[in-house]
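A closer look at the structure
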Amino acid sequence: MNRAVPVLTGPSASGKSSLALWLADRWPLEIVSADATMVYRGLDVGTDKPSAAERARVPHHLVDVVEPDEAYDVVRWVEAAERAIAEVFARGRIPLVVGGTVYYLRGLCEGRPTTPPPDAEVQRAIRAELEGGGADALLAELAAASPADAARVAGNPRRLVRALEVLRRTGRPPADFPPRAPRLRCRKLVLWPERAALKGKVWARARWQFEHGLIDEVRALLARYPRMPTALQSIGYKEVVRYLQGEWSYEEALEADRRAVWRLIKRQYTWLRREPGDVAYLPRAGAAAREGAAFWFERRFGLP
């Protein structure tokens, strides 16, 4: 596939989804989600998943593709994204990859990992260690083998479990597995608003989610998947789990959710600041961001 693929990314709460919908009203776009939690069915409120009306308005791919207790990793996502992108191009339309899961985007644009497929049993055992004793000892085990991997997964239980699974099964950390050469050429537009401008949005969004169904959503997921699947380790979900289990009060869980999102945003700024490849940064918001994104599309993809 020789055509360049547009990618729209940026930190959480930077306005990626609304901007993508606006662009799709202007050009024949279909959205390929690059969000590691939107792949799961039933995780709706806490992921800000596009509504049924938005999906009817603009086709979305790689949303609601697996059950929450199903193993899913970057290799599966990249393979699915490559298929979706090829199908969109074949229809004479333009695939727009949208999301903030940086390791998904790196796998697509820089080459997916060659690590072995996940082993669910090994991961379950590591998750039990994580839940029983916390992350410190597990992170130290990984850091002894690969400081780079330990830095990459810090603060993300799902990625920590996966990295340790690879290390224990193969004797080699994930960083020792070279990536496969990418099959696509990506051109990335990174939304880059002032960090302080996002805090109010993060605080308000967390409160809205808690008050508009997130708690009931997590309660239903726990009833259906009592073994605490990987999906429920996502930000927002794991905090509500601790509230439902009586470990935290409502306000403690809400504050923990906000802090976790803010830590993620800070890591995203760090990761995206050094984004490789054909990259443009858009330090604007609102109407100015739309104008800048439209100009980028017109200039980089020759769109009228």
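Residues numbered from 1 in each chain as written. Predicted model: local features only at pLDDT ≥ 70, side-chain atom pairs only at ≥ 80, totals over all residues. Heavy atoms only, no water.

For the chain, the name recorded in an unreviewed UniProt entry is tRNA dimethylallyltransferase, with Oceanithermus desulfurans NBRC 100063 as its organism. As its UniProt record puts it under Cofactor (unreviewed entry), the chain is described as follows: "Mg(2+)". Annotation of the chain in UniProt includes, under Sequence similarities (unreviewed entry), the sentence "Belongs to the IPP transferase family." (UniProt positions renumbered as here; feature names shortened; annotations may be inferred.)

Moving on, we come to helix α3 (residues 74-90). A rise of 1.5 Å per residue sets the reference length of α3, with its 17 residues, at 24 Å; its end C-alpha atoms lie 24 Å apart and thus fit the reference within 8%. Residues of α3 that are buried: Val 74, Val 75, Trp 77, Val 78, Ala 80, Ala 81, Glu 82, Ala 84, Ile 85, Val 88 and Phe 89. Tucked into the core, α3 has its buried residues touching β1 (4-9), β2 (29-33), β3 (60-61), β4 (94-98) and α4 (102-110). (Helix = DSSP H or I, 4+ residues; strand = E, 2+ residues; numbered from the N terminus. Expected span 1.5 Å × (residues − 1). Buried < 20%, exposed > 50% of the residue type's maximum accessible area, 1.4 Å probe, protein only. Contact = heavy atoms within 4.5 Å.)

Where two aromatic rings form a pair, the distance of their centres and the angle of their planes describe that pair. In this structure the tally under the stated criterion is eleven aromatic pairs. Ring centres 4.7 Å apart and planes at 15 degrees place the aromatic pair Trp 77 and Tyr 104 in the stacked group. Of this pair, Trp 77 sits in helix α3 while Tyr 104 sits in helix α4, and the two are 27 residues apart along the sequence. As far as burial versus exposure is concerned, Trp 77 and Tyr 104 are alike and both buried. (Phe/Tyr/Trp six-rings, centres within 6.5 Å; stacked < 30°, edge-to-face > 60°.)

Under the criterion given, the structure shown has 31 salt bridges. For the salt bridge of Arg 93 with Glu 30, the shortest nitrogen-to-oxygen distance reads 2.9 Å. One end of the pair, Arg 93, is in the loop between α3 and β4; the other, Glu 30, is in strand β2, with 63 residues separating them in the sequence. Accessibility expressed as a relative area gives 3% for Glu 30, which makes it buried. When salt bridges with common partners are traced through the structure, they connect Asp 44, Lys 49, Arg 55 and Asp 64 into a single cluster. (Salt bridge = Lys/Arg side-chain N within 4 Å of Asp/Glu carboxyl O.)

Time to look at the environment of Arg 112. With respect to the helices, strands and loops of the structure, Arg 112 is situated in the loop between α4 and α5 (120-133). Accessibility expressed as a relative area gives 16% for Arg 112, which makes it buried. Put simply, Arg 112 and Val 78 are 34 residues apart on the chain and 6.8 Å apart in space, counted from C-alpha to C-alpha. Setting aside chain neighbours within four positions, we find Arg 112 in contact with Val 75, Val 78, Glu 79, Gly 107, Pro 179 and Arg 180.

This part covers the UniProt feature "binding site: substrate" (unreviewed entry) in the chain. The sites that UniProt annotates as "binding site: substrate" (unreviewed entry) are Ser 12, Ala 13, Ser 14, Gly 15, Lys 16 and Ser 17. For Ala 13, the position within the fold is in the loop between β1 and α1 (16-26). Locating Ser 14 in the fold gives a position in the loop between β1 and α1. On the basis of relative accessible area, Ser 14 is assigned to the buried category, the value being 14%. Apart from residues no more than four positions distant in its own chain, Ser 14 is found in contact with Leu 191, Pro 193, Leu 198 and Lys 201. One polar contact links the side chain of Ser 14 to the main-chain carbonyl oxygen of Pro 11, over a distance of 2.6 Å. (Polar contact = N/O pair within 3.5 Å; in protein donor to acceptor, adjacent residues only side chain to side chain.)

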